[in-house]
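Close look at the chain arrangement
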Amino acid sequence: MTATTAATDAAYDQLARRNAELEQEKAALVDVLERTEKERDDLLGEIERLHAVIEPFARAWLHREPKGEPGSKGYQRRLERSLLPFYSCGDDSEPLTGAHLRDAALALSASGIDMESES
């Protein structure tokens, strides 16, 4: 065996080891990617379920929110009244308020959902 052949064999062995290491790293990264994609899909499903729950409240706010010039006294009074409690299940429950409806509408609006075009 010549020196060139021995050097070539050593270089080949080194490349083969490095290739095996890279394949292991790739397999680990693929595993992480698959878990991340599953988590993403699970979170997207949860977002869709939450959207379905909050959407009726956001739609209710569209009908309850005050109309008119936002800076006027009349608008401010209508806003205060629209944010008051309007429903309670009993003595121990927290009443549902217009503020809850407004917050639902704002949350959906912040997520890029146009409630007025969906009604």
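Rules behind the numbers
Residues numbered from 1 in each chain as written. Predicted model: local features only at pLDDT ≥ 70, side-chain atom pairs only at ≥ 80, totals over all residues. Heavy atoms only, no water. Helix = DSSP H or I, 4+ residues; strand = E, 2+ residues; numbered from the N terminus. Expected span 1.5 Å × (residues − 1). Buried < 20%, exposed > 50% of the residue type's maximum accessible area, 1.4 Å probe, protein only. pLDDT = per-residue confidence, 0-100. Polar contact = N/O pair within 3.5 Å; in protein donor to acceptor, adjacent residues only side chain to side chain. Contact = heavy atoms within 4.5 Å. Bend = angle between axes of the 7 residues up to and from the residue. Axes fitted to C-alpha atoms, helices over the stretch in contact; angles between N-to-C directions. Parallel < 35°, antiparallel > 145°, perpendicular 65-115°, else oblique. Left-handed = near helix turned anticlockwise from the far one by under 90°. Nonpolar A, V, L, I, M, F, W, Y, C, P; charged D, E, K, R; others polar. Core = buried A, V, L, I, M, F, W, Y, C linked by side-chain atoms within 4.5 Å. Salt bridge = Lys/Arg side-chain N within 4 Å of Asp/Glu carboxyl O.

**Points about helix α3 (residues 98-110)**
Over its 13 residues, α3 extends 18 Å from the first C-alpha to the last, a length consistent with the 18 Å expected when each residue adds 1.5 Å. Every buried residue belonging to α3 is among Gly98, Ala99, Leu101, Ala104, Ala105 and Leu108, and all of these are buried. At the exit of α3 stands Gly112, carrying a positive phi of roughly 90°.

**With respect to the confidence of the model for the protein chain**
Atomic detail in the predicted coordinates should be set aside for any region of low pLDDT. Taken over all residues, the pLDDT of the protein chain has a mean of 85, while the share at 70 or more is 87%. At the level of individual helices and strands, the protein chain shows its lowest average pLDDT in helix α4 (residues 115-118), which scores 58, and its highest in helix α1 (residues 3-64), which scores 91.

**Structural notes on the side chain of Thr97**
Positionally, Thr97 belongs in strand β2 (residues 96-97). Among the polar contacts made by the side chain of Thr97, one reaches the main-chain amide nitrogen of Ala99 at a distance of 3.2 Å. If sequence neighbours within four positions are ignored, Thr97 has contacts with Leu83, Leu84, Pro85 and Phe86.

**Digging into α1**
The end-to-end C-alpha distance of α1, which contains 62 residues, comes to 88 Å, matching closely the 92 Å that a straight helix rising 1.5 Å per residue would cover. At Ile54, α1 shows its strongest bend, of approximately 35°, with the proline Pro56 following within four residues. Turning to α1, its buried residues number three or more, namely Gly45, Glu55, Ala58, Trp61 and Leu62.

**Some points on the packing of α1 against α3**
Remark: α1 packs on α3, axes separated minimally by 7 Å, with the N-to-C direction vectors making an angle of 115°. Taken together, the axes of α1 and α3 lie roughly perpendicular to each other. Regarding α1 and α3, the two cross each other, and that crossing is left-handed. Of the residues in α3, those in contact with His51, Ile54, Glu55, Phe57, Ala58, Ala60, Trp61 and Arg64 of α1 are Gly98, Leu101, Arg102, Ala104, Ala105, Ala107 and Leu108. Looking at the contact of α1 with α3 residue by residue, the classes come out as 10 nonpolar, 2 polar and 3 charged.

**Describing the nonpolar core**
In this structure, Ala58, Trp61, Tyr75, Leu79, Leu101, Ala104, Ala105 and Leu108 together form the largest nonpolar core, which totals 8 residues. Within the residue set of this core, elements represented by two or more residues are α1, α2 (73-82) and α3. It is α3 that contributes the most residues to this core, 4 residues altogether. Beyond its immediate chain neighbours, meaning those up to four positions away, Leu79 contacts Trp61 and Pro66.

**Things to note about the environment of Leu101**
Along the chain, the position of Leu101 falls in helix α3. Residue Leu101 is classed as buried on the basis of its relative accessible area of 4%. Separated by 43 residues in sequence, Leu101 and Ala58 have C-alpha atoms that sit 5.5 Å apart.

**As for the pattern of salt bridges**
Applying the stated criterion across every chain yields a total of 8 salt bridges. Taking the shortest distance from any N to any O, the salt bridge between Arg18 and Glu25 comes out at 3.9 Å. With relative accessibility at 39%, the residue Arg18 sits in the partly exposed group. The shortest N-O distance in the salt bridge between Asp41 and Arg40 comes to 3.0 Å. Given the relative accessible area of 41%, Asp41 is considered partly exposed. Note on Arg40: relative accessible area 45%, which makes it partly exposed. Within this structure, Arg18, Glu21 and Glu25 form a network of salt bridges that share partners.

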